[in-house]
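Chains, contacts and geometry: an overview
Residue strings, one per chain:
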Amino acid sequence: MKQTGVIGRVPADQSRRMPKHGAGSTSESDGSSWKLQAPELPPSKMPAWGWKHQHNLRAPLRVTPPAHRTSSKVLGGAYPFLAETGDILTGAYIGENQLSRAPFCFDPWDAYSAEAVRSHSVAIIGVKGTGKSMLAKSWSSRLARLGRKIAVPHDPNGEWVKVAEYVGGTSISVGPGKAARINLLDEGPRDPSFSNEDWNQNVLQYRRATVKTIIRRLREGGNFEPVEHTALDIALDALRDNSVVTITQVYARLADPDAKLPAEVTEAGRRLAHTLRRMVSGDLTGFFDGPSTVAFDTSAPMMVVDTSALKGVSPEAQALARLATANWIRRASRGANREARVIVHEEAAVELLNDVTGGDGLADRVEDEKVARHLGTSNWYLLHRVADLDALGDRNSALHSRALGLLADCETRISYAQHTGEIPRSREILGWNDTQADLVRKLHKGEGLWQIGQDRVAKVRNICTDHELGVFRTDALGGARH
Ligand SMILES: Nc1ncnc2c1ncn2[C@@H]1O[C@H](COP(=O)(O)OP(=O)(O)OP(=O)(O)O)[C@@H](O)[C@H]1O
Ligand SMILES: [Mg+2]
């Protein structure tokens, strides 16, 4: 058994063999007692017999218990919360576990392999300004240094651009006035594991599903009639030999179909074209209707889509932007291109709320979550409060339980400080006991309660270097006075 801890006195013959822990690590003058002292700490001023006070029971330790050497696993059981159990989690350094004072590291894939969690997904919940993004940035950039890939499909404040630069990744900016375009119907990098036929079929299906999602969203959840499905299939089929297919081409096909088509299909196609018209000549034009001018760089350690320029555009445009970037990343990391990748969902509740016109997006998300383990993706959802998920549909509705199910699928839940009024609801959903609820009540900025899998809990203070703080902080201008 690997011996990592010592309690009690070490017999003189053994103490000579004990490793020294720097100057001053064995400080008893008689040499028979051995105590650990970190070299950088000043030596204790307390006399060996204790302070000289009345009734202080001042006496040297006369008993000489035999030294016990034991594994850190056993020590963890004997001294819970004081000693780590030994099977500490590995991964990128995050900070200090304030329950055990041990360094805390975490990697979703390592934790999964160690059977500490059953999914790779992570929920980070806390009110504004408590350090959620700081944690996501420091953790992900350190994981990137360990070889994991990171993607941020929607960065509404443009705060990840500097992080991408810091780790040697790439970022693109989309929105009005930006040169980068992402084609909503882009087939993405070819998956070499597909035969030509299968790949064409896969691309066709993807385009069909995407156009349907766009139309549903523009119709605010309105359903498709059977004849409309037919009209769309015919239009997409006619374009299948084109190497690049755009929404503009689909619109043109639907608006001006083949003369030989039955009248009712022509009519249904025109109805779809009217809905899509907003994308090609209405208020949404120019964002996602042309060919892509950028490609997803699968080799970059971090890929960020800065969507801050979309602030102020219509909610539909924002929802379509999310769809475009999420699909873009999803298609680039499937099949033979898949690798362990963190996907950071900043403002996840807004994303889900936006997606739920019709429940379509949320269904996609839940579906994605189910296959995430096989794709090797670790989704990180940043949320302000658990109650945000309550806003998705009425209580007991299918939509609502889907939203809560998404949270339940996250086996790593990190709770940052929350408003007192929200603690009971969080407690109900996240299953805190009294001590844990009390702990969350007293959290400071940068501190979080980590619930890992079924039975591990840690209170972790996220520690960043000054240089990292300079790159990651979002309130650099906050205190500036001129
Ligand atoms: N671990 C930390 N160490 C030092 N400072 C921190 C830490 N965490 C957060 N801060 C400070 O708090 C500020 C806000 O943090 P952050 O942007 O991560 O908040 P947030 O929870 O993401 O807020 P929002 O919900 O508004 O996005 C940071 O800019 C930084 O100055
Ligand atoms: Mg943030």
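Residues numbered from 1 in each chain as written. Chains lettered and ligands numbered in written order. Predicted model: local features only at pLDDT ≥ 70, side-chain atom pairs only at ≥ 80, totals over all residues.

Thoughts on the overall build of the chain
Definition in use: Put simply, DSSP marks the helices as runs of H or I at least four residues long and the strands as runs of E at least two long, and each gets a number from the N terminus on. Exposed residues have 12 or fewer other C-beta atoms within 10 Å of their own C-beta, buried residues have 20 or more, and residues in between are partly exposed; the C-beta atoms are placed from the backbone. Two residues qualify as a contact pair if the distance between their C-beta atoms, derived from the backbone, is within 7 Å.
Along the backbone of the chain there are 17 helices and 13 strands. When each of the 482 residues of the chain is scored for burial, the buried share is 35%. Restricting the contact set of the chain to residue pairs at least 6 apart, pairs at least 24 apart contribute 69%.

Considerations on the site of ligand 1
To keep it simple, the criterion reads: In this entry, near means the residue's backbone-placed C-beta atom lies within 6 Å of the molecule or strand. Gly counts as polar in this scheme, as do all residues outside two lists: the nonpolar Ala, Val, Leu, Ile, Met, Phe, Trp, Tyr, Cys and Pro, and the charged Asp, Glu, Lys and Arg.
Near ligand 1, the surroundings consist of 17 residues, among which Gly131, Ser133, Met134, Gly446 and Arg473 are the closest. At three residues, the largest contribution of residues to the shell around ligand 1 is made by helix α4 (residues 132-145). For the shell around ligand 1, the per-class residue count stands at three nonpolar, nine polar and five charged.

Concerning the sheet that holds strand β11 (residues 412-415)
Going by this rule: DSSP calls a pair of strands paired once it identifies at least 2 bridges connecting them. Axis angles are defined between N-to-C directions and span 0 to 180 degrees, where every axis is a line fitted to C-alpha atoms and, for a helix, only to the segment in contact.
The eleven strands lie next to each other as β4-β3-β13-β12-β11-β5-β10-β9-β6-β8-β7, forming an open sheet whose pairing is mixed. Taken across any chain shown, the strands that pair with only one partner, and hence form the sheet edges, are β4 (102-106) and β7 (170-173). In this sheet, neighbouring strand axes are inclined to one another by 25° on average, regardless of whether the strands run parallel or antiparallel. As paired strands, strand β6 (residues 149-155) and strand β8 (residues 302-306) are joined by four bridges and run parallel to one another. For Ile150, the partnering residue across the bridge sits in β8 and is Met302. Against the sheet, helix α10 (residues 315-332) engages β6, β8 and β9 (341-345), with an angle of about 165° to β6.

Describing the nonpolar core
Worth spelling out the cut-off: Joined through C-beta atoms within 7 Å, a set of buried Ala, Val, Leu, Ile, Met, Phe, Trp, Tyr and Cys residues constitutes a nonpolar core. Domain boundaries shown here were taken from an automatic or database domain assignment.
Residues Ile124, Ile247, Val250, Leu276 and Leu320 are the most contacted members of the largest nonpolar core, which totals 92 residues. Looking at this core, the element that brings in the most residues is α10, giving ten residues. When we break this core down by domain, the ones giving at least three residues each are domain 2 (92-148 + 340-472) and domain 3 (196-281). Setting aside anything within four residues of it in sequence, one finds Ile124 in contact with Lys132, Leu135, Ala136, Trp380, Leu382, Ile414 and Tyr416.

Examining the pairing of strand β10 (residues 377-383)
Counting buried residues in β10 gives seven out of seven residues, a clear majority hidden from the surface. With burial as the criterion, each face of β10 is covered, one bearing Thr377, Asn379, Tyr381 and Leu383 and the other bearing Ser378, Trp380 and Leu382. In this structure, strand β5 (residues 122-125) lies alongside β10, joined through four bridges in parallel fashion. Within β10, the position partnered with Ile124 by the bridge is Leu382. For β9 and β10, the ladder comprises five bridges, and the chain directions are parallel. Its bridge partner being in β10, Val344 is matched across the sheet by Trp380.

Quick word on the packing of helix α7 (residues 226-238) against helix α8 (residues 247-255)
Packed helices, taken two at a time, are described by the angle between their axes plus the distance between the axes. Rules: In this scheme, roughly parallel covers angles under 35 degrees and roughly antiparallel covers those over 145, while 65 to 115 is roughly perpendicular and the rest are oblique. Here is the rule for handedness: rotate from the far helix to the near one, and if that takes an anticlockwise turn smaller than a right angle the crossing is left-handed, while a clockwise turn gives right-handed.
With their axes 9 Å apart at the nearest point, α7 and α8 run at an angle of 120° to one another. Here α7 lies oblique to α8, going by the angle between them. Once α7 is placed against α8, the crossing between them reads as right-handed. Contacts between α7 and α8 involve Ala231, Ala235, Leu236 and Ala238 on the former and, on the latter, Val250, Arg253 and Leu254. Partitioned by chemical class, the residues of the contact of α7 with α8 number six nonpolar, no polar and one charged.

Looking at the packing of α8 against helix α9 (residues 263-281)
In contact at an axis separation of 8 Å, α8 and α9 are set at 150° when each is read in the N-to-C sense. Put simply, α8 runs roughly antiparallel to α9. Judged by the twist between their axes, the crossing of α8 over α9 is left-handed. Residues Ile247, Thr248, Val250, Tyr251, Leu254 and Ala255 of α8 form the contact with α9, whose participating residues are Gly269, Arg270, Leu272, Ala273, Leu276, Arg277, Met279 and Val280.

Regarding unusual backbone geometry
Even without a glycine there, the phi angle at Glu115 is positive, about 60°. Within the secondary structure, Glu115 is located in the loop between α3 (108-113) and β5.

Examining the environment of Arg208
Along the chain, the position of Arg208 falls in helix α6 (residues 196-218). With 25 residues separating them along the chain, Arg208 and Asp233 place their C-alpha atoms 7.2 Å apart. Excluding its chain neighbours within four sequence positions, the residues that come into contact with Arg208 are Leu232, Asp233 and Leu236.

Brief notes about the pairing of strand β12 (residues 447-452)
In terms of burial, β12 is a largely internal element, five of the six residues being buried. Pairing analysis gives six bridges linking β12 to strand β13 (residues 456-462), with the strands arranged antiparallel. Across the sheet, Gln451 pairs through a bridge with Val457, a residue of β13. As consecutive antiparallel partners, β12 and β13 are separated by three residues, and within that stretch Gly453 has a phi angle of approximately 60°, a positive value.

Regarding α7
Put simply, the rule is: Under the convention used throughout, the expected extent of a helix is 1.5 Å for every residue step, that is, one less than its residue count.
Its 13 residues give α7 an end-to-end C-alpha distance of 19 Å, which sits within 8% of 18 Å, the value for a rise of 1.5 Å per residue. In this fold, the buried residues of α7 make contact with α6, α8 and α9.

Observations concerning the confidence of the model for the chain
The cut-off we apply is this: Values of pLDDT, ranging from 0 to 100, describe the predictor's confidence in every residue of the model.
Here the chain averages 80 in pLDDT, while 79% of its residues score no lower than 70. Low confidence marks residues 1-10, where pLDDT is under 50. Its contacts with residues over four positions away, or in another chain, come to 27 contacts. Note that residues 18-38 has pLDDT below 50 and, in this model, 28 contacts with residues that lie over four places away or in other chains.

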